[in-house]
Each structure stands twice: as structure tokens, then as C-alpha cells.
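Structural overview for review
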Amino acid sequence: MVTKAEVSKHSSKTNCWVIIKGVVYDLTSFLDAHPGGSGIILKYAGRDATAVFESLHSNDTIEKHLPPKFNLGPVTVSNESQAEEKETNGSAAATTTSIPKTKRVSIKSIINIRDFELAASQILPAKSFAFFKAGADDELSAQWNRTSWQAVRFRPRVLAPIRQVSLKTTILGTEFSCPFFICPAGGAKLAHPTGELSLTRAAAKHDILHWVCNMAGYTQSEISDARNAEAKEQKLFWQIYALSDLAVTEKEIRNAIKLGYKGLALTADAIRAGKRERDVRTSLPDEVDDGHDDDEDDDDGFANNPTVSRSNVWTDFDWVSAIRWLRGITDLPIAIKGIQTWEDAALCMHYGVHPWLSNHAGRQLDGAPSSVETLIAIRKNCPLVFEKCEVIVDGGITRGTDIVKALALGAKGVGLGRGFLYSLVFGEKGVSKAIRILKHEVETAMALLGVTSIDQLSPPHICFSGTPSAPLSHRCNFAFPTYDSLL
Ligand code: HEM
Ligand SMILES: Cc1cc2nc3c(=O)[nH]c(=O)nc-3n(C[C@H](O)[C@H](O)[C@H](O)COP(=O)(O)O)c2cc1C
């Protein structure tokens, strides 16, 4: 048994204890190996980190990733610290998912995906909202992701007879009711305590794909069970980071296969985390003055070492070894997530995997291209990719029209990350409403464009002349090629 007072004495980089779910852990020698970086743990050194830990990790994270020797046993709660305990629990709840009554926004007022973002900004604690919204550095790529869809215009063929429009399609060989899906994204429990379970249930209800994240707040089996309660046949896909201990990741993949996950994505764009300043600002210590404000050691997540290290993630992969390793484990379709150039998309094609065009919501390399640019670059330089592979796309999608534009440019599946996270502040019914909104918008856009099925969408439905409000060059130095030069 260790007292809370004792724990509070271990609050530095060279001596770091935390309390998680009533148990004390000595994380000193785990700090540099922690995939989320040492900085975040150090902010909670000597304190109870349960709330923030639970919102970002699944129940089996400690068992899977932390050697038992770091477990120092349960914390004792002495009488004198019970008052303090109450206070801590109060603030812990406030950092996660409690919604102050005064800030309730009615789901009825939501009519589009952007409304969910506004609602989330009003409902969620600042730290949680910042975690979702954050992009790297100046957030140029995060903003550009969204703006770049606006620079693409349609060429509607209005004289086509339109009675019924079907959104049905397949993604990596599996049938779904529509071409958009829920992206893998950590931290869903920050939006709502039911996290991924609600995402999975809503996806099941509407027969859309939930591409589950390996940083989910629930275990693979818990998510799988949520699926089974709704629809036994619902197909889930699984996203992985290859951890430096590949055996751990391999076990996870095999378990996903056993549980019936039907597709895999290996995220390749996050060997380190980008510098997300919104996160840093909202996490700067304000509640507890521990007297270490000027201690450079405690500050290494920010000033001394502004990138969050992800030392636990495998960084030695080349194409051949990565694909050989994955293929040695499974025959399931594989997407490589985070492709940002036509050359890497062509390499995916060469090695028999599918390119997932993404810049990780602009959270990694600021200045990275948007998926629109990469789609266009592939079409221009190596259009064979669209024939040989299924190109998956995400980043900045907020409208049904964005989805239709991506499909017309050659995407097979189109993902939303933040849009669904924001809708999750209303639990399963929020996610369900987001899906209904998007289905309606996609269907309307297709009808007005003159197509009745997804496979009819093609590059001639798109043009790039002009932008909605200002010349593109006013926003950035990128000039889209003209429609003619694409064909
Ligand atoms: C108790 C020991 C801990 C273990 C074994 C652990 C393990 C992990 C692992 C394996 C990941 C990668 C994703 C995943 O597979 O879940 C991760 C990510 C992360 N962890 Fe921890 N963690 C621990 C403690 C903490 C604590 C105390 C905090 C916060 C105070 C924290 C914050 C984070 C963050 C912010 C990420 C990255 C999220 C992202 O990149 O989006 N972890 N952790
Ligand atoms: C809060 C948050 C957490 C994310 N976590 C992951 C992750 O763990 N693994 C991953 O491959 N992508 C992750 N992503 C990226 C998404 O899968 C997706 O690429 C991106 O969110 C799409 O952009 P959008 O948010 O503009 O729709 C995350 C994105 C956000 C916003």
C-alpha cells in the first residue's frame, strides 16, 4: 500500500509515479518508451491520471504494454486526503465527458456536420475539444484539407433521367450501404463515455464501415461485442500502428482477424506526433502549482523537445519488409494509411496494397498536401493506380458534396475523423444523425449531378476553374491543373 502523499513526492522525470484506477505505477523507466511521449505523463507525475488515461487507452493497455514490475500496488486513501480525493474526482470528470447543464445544445438544432463541431466546442471541456481540433504547428494543413474541397467544382449533367439513387458500394471488397466511413481516431471517450461502442453501433444500424482504431478506449472484443448486439454480420476494419515490439502488434492483428475484422490499415504517417500547440496550450499546468514551473526537465514535452516522441513505434520499415511482414500474417485486404504523394501511391500499387490518402487530419506534418491534391497528382502521373487499387481518402470532409467530389476523382471509400468524433458528443444518436445527414447530402448531390449509382461518378463530373469566393492563390500558392490537363 502506498499513500497519496508518498506518490506526490515522485513528480519528476527521474522519479515519476502516477495513480491509475487506484493503483500506483512507477513510470520512470517507461517514460521514453511511451508511444504518447513522456511529456503528457510528466504533467500528471505524482498525481492521479485515471481520467486522462481512461479516455485515451483501452482497459487492457496496461496489461499489454507495461511490465508488472512497475506496479507498486494499490494507493491508500487516508482520511485526511478524502476531501482532496473528492476534489480531484470532480475535476477529473470535468476533463472528460461531463456536460454542464448550462451548456446543453439540442441535437434537434443540428442540420449539418459543421453544426456538430460548433456543438462540441460548446459542450466539451476545452482540453477535449482541443485534442480533437488540433492540427500541427500553424494548422495550415488542417485548414487546407477543408478548403481544398471547396476549390473543386462539379459539371452537372442535368438531362439524365433520375428516379432512384443508390449509394451502395464496396470498400476493399466488402459491401456497405454507402461510400463514406468512420475513420480510426483515438480519444473517442473524450467525446462520450461510450466512445467506440456508440460509433460501432451507429455504423451497424446504417450499414456503414467503422474502421476501428488500435488506440480505441475499448478492447477489440468489447467493440466486437457491441457490433454483435446490433448486427451479427456487420463488418469492421482494424487500423494498426506497428509498435517496436512487432510481436505485440502481430498478436493484435491475429486477434482482430479471429474476431471477424475484414480489412486492415497500417498507419505510416505517425512515427512521431506533430507539434499540436492547441493541445500544449490547454495542457499547460494551471490547476496544480507544483513549484516546478521553471524546471526544464519537466518541460521537455514542449520547449526543450517540441515534438512528442513516439519511440515505441516501429521506425525501420521499408516497403518490402512492411508488406512482407503483414502478408505473412494475413490475406485480408491491406491499406497503407498516410499516403501523400503519387509516387508512394504507385509503390502501394506495386506491392499489392491500397493507398489511403491522408495527412492524419493535418496533425502531423504541417504543409502536407490535402487528399484532393494527391488524388489529382495520381490521376495526372499514374492513373493506373485507380485501376489496380482501391484508393481510400480522408481529410477535411464535412459535406456530402466533398464525398461525391472525392469519388468522382477516383476514391473508393471516403473517411471522416473529426466529423464523427464531434457528433459523438450526443452519443450513438449523434453519430446516427451525422450518418443520416451525410447520406441525404450525398444522395442529393448525386441526383443533381445526374448520376444514379456510385460507379457512374467519374472525372468528367469535375472541374477546377475558379474558386467559390476568392482566387485560390489568395489562400495558398497552389494552382490546380485545369480539367483538360487531367484527361
Ligand atoms: C500506465 C502506463 C501507460 C501505458 C502502458 C500506456 C500505453 C500507451 C500506448 C500503448 C499508447 C499507443 C496507443 C495504444 O495502443 O493505446 C499510448 C498512447 C498515448 N498515451 Fe499512454 N500509456 C500509459 C500511461 C499514460 C498516461 C498516464 C497518459 C496521460 C497522462 C497517457 C497518454 C497517452 C497519449 C496522449 C497517447 C497518444 C495519443 C495519440 O497519439 O493520439 N498514457 N499509451
Ligand atoms: C482526434 C483524432 C485522433 C486520431 N487518431 C488516429 C489514430 O489513432 N490512428 C490513425 O491512423 N489516425 C488517427 N487520426 C486520423 C484519422 O484517422 C483521419 O485520418 C482524419 O481524422 C481525417 O481527417 P478529418 O478529421 O479532417 O476528417 C485521428 C484524428 C483525430 C482528429
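Here, the structure is the one placed above.
Residues numbered from 1 in each chain as written. Chains lettered and ligands numbered in written order. Predicted model: local features only at pLDDT ≥ 70, side-chain atom pairs only at ≥ 80, totals over all residues. Heavy atoms only, no water.

Here we look at the sheet that holds strand β11 (residues 236–240)
- Taken together, the 8 strands give a closed barrel; going around it, the order is β9-β10-β11-β12-β13-β14-β15-β16, and neighbouring strands pair in parallel fashion. Neighbouring strand axes in the sheet, compared pairwise and without regard to direction, differ in orientation by 30° on average.
- Across 4 bridges, strand β13 (residues 334–339) lies against strand β14 (residues 354–357) in parallel orientation. Directly across from Lys337, in β14, lies its bridge partner Trp356.
- Helix α18 (residues 400–408) rests against β9 (180–182), β15 (391–394) and β16 (411–416) of the sheet, and its axis sits at about 150° to β16. (Pairing = 2+ DSSP bridges. Helix = DSSP H or I, 4+ residues; strand = E, 2+ residues; numbered from the N terminus. Axes fitted to C-alpha atoms, helices over the stretch in contact; angles between N-to-C directions. Contact = heavy atoms within 4.5 Å.)

Observations concerning the coordination of the iron atom of ligand 1
- Taken together, His34 (NE2) and His57 (NE2) make up the protein donors of the iron atom of ligand 1, found 2.0 Å from the metal.
- Angles of 82 to 179° at the metal separate the 6 donor atoms of the iron atom of ligand 1, which places the site in the octahedral class. With a gap of 23 residues between them, His34 in the loop between β4 (23–26) and α2 (38–42) and His57 in the loop between α3 (50–56) and α4 (61–65) connect regions that are remote in the sequence. A single burial state applies to His34 and to His57, both of which are buried. (Donors = N, O, S within 2.8 Å, 3.2 Å for Na, K, Ca; no water. Tetrahedral: all angles 85-135°; square planar, octahedral: opposite > 155°, others 65-115°. Buried < 20%, exposed > 50% of the residue type's maximum accessible area, 1.4 Å probe, protein only.)

Side note on empty space enclosed by the protein
- In the structure shown here, the tally under the stated rule is 1 cavity of 30 Å³ or more.
- Taken as a whole, the largest cavity holds about 60 Å³ of empty space.
- Taken together, Ile182, Cys183, Pro184, Ala185, Glu196, Leu199, His210, Cys213, Leu416, Gly417, Phe420 and Leu421 form the lining of the largest cavity.
- Looking at the lining of the largest cavity, the elements with two or more residues in it are α10 (195–206) and α19 (418–423).
- Its residues placed into classes, the lining of the largest cavity shows 9 nonpolar, 2 polar and 1 charged. (1 Å grid on protein atoms, 1.4 Å probe; cavity = no way out; pocket = protein on both sides within 12 Å on 5 of 7 lines; lining within 4 Å. Points joined across faces, edges and corners; volume = space filled by probe spheres on them. Nonpolar A, V, L, I, M, F, W, Y, C, P; charged D, E, K, R; others polar.)

Just geometry here; none of it tells us what the structure is for.
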